[in-house]
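# Fold and geometry: a report
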Amino acid sequence: MARFGQANKHGSPAEPRRYEQGRILGGGSAVNALVANRGAPGDYDEWSEHGAEGWSWESVLPYFRKLETDHDFADDYHGQDGPVPIRRITQAKMSPFVKLLCSTLNTRGYQSKTDQNGFWEDGIFLGAIAKDDKGHRVPTSSVYLRDEVRARPNLQIMTNHLADRIIFDETRATGAVVRPAGGSGKTQTIQANQTILSCGAIHSPALLMRSGISPTGHPEFDIPVVARLAGVGRNLMEHPSTAVSTYLPPPLRQTDLEEHHDHAILRFSSGLAGTPEGDMHLAMIARSGWHSVGQRIGTLFIWLNKPYSRGKLSLASPSADDEPIVDFNLLSDERDLERLKQAFLLGAEILTDPLLDGHCGPAFPTSYSPRAIKVAGPGLFNQVQRGLLAAMLDYAGPTRSWMIHSVITLGLEIRNLVKDDTALTEFIQASVGGVWHASGTCRMGARDNPDAVTDGAGRVYKVEGLRVCDASLMPTIPRANTNTPTIMMAERIADLIKETM
């Protein structure tokens, strides 16, 4: 569970919500939306400026190229012999809804561009997608842990296990204590000359804290202090998101239900003083859920590419079975709130554009709310609910708008939010979500930076034999889905490790 937004107008804290993560071999790459974009060159120059030595754009571009085989572009930006295949959707497979949106955006002055991972500029792009020639996802567990890799005698893969803590001989990490998940099975102590944490931006800092590396030492849990590092669990980042949706009649629906990704995106700039180019992102979603209702709803899913708000996490208990307390603190920076409101209004303008009249149904505000999560879950009761709602949407005719605003949005209407800034502010603050891009909680930086947890090679300060290698290292969040940048980081840190062997 995690808190996303701020306290409400009465001062009560935001209600916690689920924050799903890929608890499977391959992590987020096994469950994400397949998107394989990189972010802006300035994102990585910014890392270098924040003290993460060796992470400028010039340094990281070779590793972006190393990880990929791009099937559409062959130039200085793209790799041709890496493990991750990258493609863009063909016009033949693109949904009619997304084609209509792109045409509408062209009419509104947004230009179509060729390569989301090429020269950084605003525009409409086909989404860069990581999938094989059969259209299947390519998680890191398959493209890196190939059969010949799994056969190595020095590799043991243990799934369905929890890491309780890192063990130390004074300040040198000597391994980890692990055990089967679920409370049964034998606890093991695994010895290692070098220990690398790749548990993600939520669980890597939590594991450090349980192991005695934290800002306070957690005296309430009687955890022996190994090292005090003020940055552990701080600098938590996400891309704050909102959404506007519309009912899709049959001619606009996606027919190939094997396509699970963003067909196209709009990268644009807010123009707010001090913000970089391309600080906003709008994904055109042809199918808003795997189920029958999702097939009938098209969505503009909008997020801040470059947020300024920062959150934190702390331990709920010393047990690995208990999730940490996570507070993303989204929209705490006023610049983020104002830009997300601006982006919502743009989404509303697009889906109510006269060019869409007669093609789409009514536009309405949406969010990934606990109610939506519950209804989307498995089970016969939910299946029946979804089937009935899908049928009602199709056959509602002139009452469709009333039904959407009564059943789905519970009275919220686009026209009221557009006209009332107070109502829009309250909606955005209450419904803001993330994009499953948690990052920054073990950030890289210079040794004299009190907020830095690791150096530019992922080595944890104040201890020896311990590294971190995941999205928690990011000093600032890139203007991209974080999966491909994280793979790039793993490629580069692997090379840095080999240099020391």
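Look a little higher up for the structure.
In this report, we go over the structure that sits alongside the text. Because the structure is a prediction, the values reported are computed rather than measured.

Reading the values: rules and limits
- Residues numbered from 1 in each chain as written.
- Predicted model: local features only at pLDDT ≥ 70, side-chain atom pairs only at ≥ 80, totals over all residues.
- Heavy atoms only, no water.
- Helix = DSSP H or I, 4+ residues; strand = E, 2+ residues; numbered from the N terminus.
- Expected span 1.5 Å × (residues − 1).
- Contact = heavy atoms within 4.5 Å.
- Axes fitted to C-alpha atoms, helices over the stretch in contact; angles between N-to-C directions.
- Parallel < 35°, antiparallel > 145°, perpendicular 65-115°, else oblique.
- Left-handed = near helix turned anticlockwise from the far one by under 90°.
- Nonpolar A, V, L, I, M, F, W, Y, C, P; charged D, E, K, R; others polar.
- Core = buried A, V, L, I, M, F, W, Y, C linked by side-chain atoms within 4.5 Å.
- Buried < 20%, exposed > 50% of the residue type's maximum accessible area, 1.4 Å probe, protein only.
- Pairing = 2+ DSSP bridges.

Once that is clear, we can look at helix H3 (residues 96–107). Its twelve residues place the ends of H3 17 Å apart at the C-alpha level, agreeing with the 16 Å of an ideal helix rising 1.5 Å per residue. Those residues of H3 hidden inside the fold are in contact with strand E4 (123–126), strand E12 (241–247), strand E13 (264–268), strand E14 (280–285), strand E15 (297–304) and helix H7 (334–351). Where H3 terminates, the next one or two residues include Gly109, which has phi positive at roughly 105 degrees.

Moving on, we come to the packing of helix H9 (residues 380–395) against helix H10 (residues 400–408). Remark: H9 packs on H10, axes separated minimally by 9 Å, with the N-to-C direction vectors making an angle of 150 degrees. Between H9 and H10, the angle falls in the class roughly antiparallel. Relative to H10, the crossing made by H9 is left-handed. Here Leu389, Met392, Leu393 and Asp394 of H9 come into contact with H10, specifically with Arg400, Met403, Ile404, Val407 and Ile408. Classifying every residue of the contact of H9 with H10 gives seven nonpolar, no polar and two charged.

Turning our eyes to something else, we now look at the nonpolar core. One broad rule of soluble globular proteins: the nonpolar side chains tend to lie buried together. In terms of nonpolar packing, the biggest core is built from 104 residues, with Trp55, Ile213, Met284, Phe328, Leu466 and Met488 touching the most fellow members. Within the second largest apolar cluster, ten residues are counted, among which are Val293, Ala390, Ala396 and Ile404.

Our focus in this paragraph is the side chain of His281. Among the secondary structure elements, His281 is positioned in strand E14. Those residues in contact with His281, other than ones at most four positions away along the chain, are Asn37, Gln116, Ile265, Leu266, Phe268, Phe301, Ile302, Trp303 and Asn305.

Reading across the sheet, the six strands line up as E4-E13-E14-E15-E12-E18 and stay open at both edges, with antiparallel pairing between neighbours. In this open sheet, the two strands that pair with only one neighbour each are E4 and strand E18 (363–366). Pairs of neighbouring strands in the sheet enclose a mean axial angle of 20 degrees, with direction left out of account. Looking at chain direction, E13 and E14 are connected through five bridges and run antiparallel. Of the residues in E14, the one forming a bridge with Ile265 is Ala283.

Shape descriptors only; they carry no functional weight alone.
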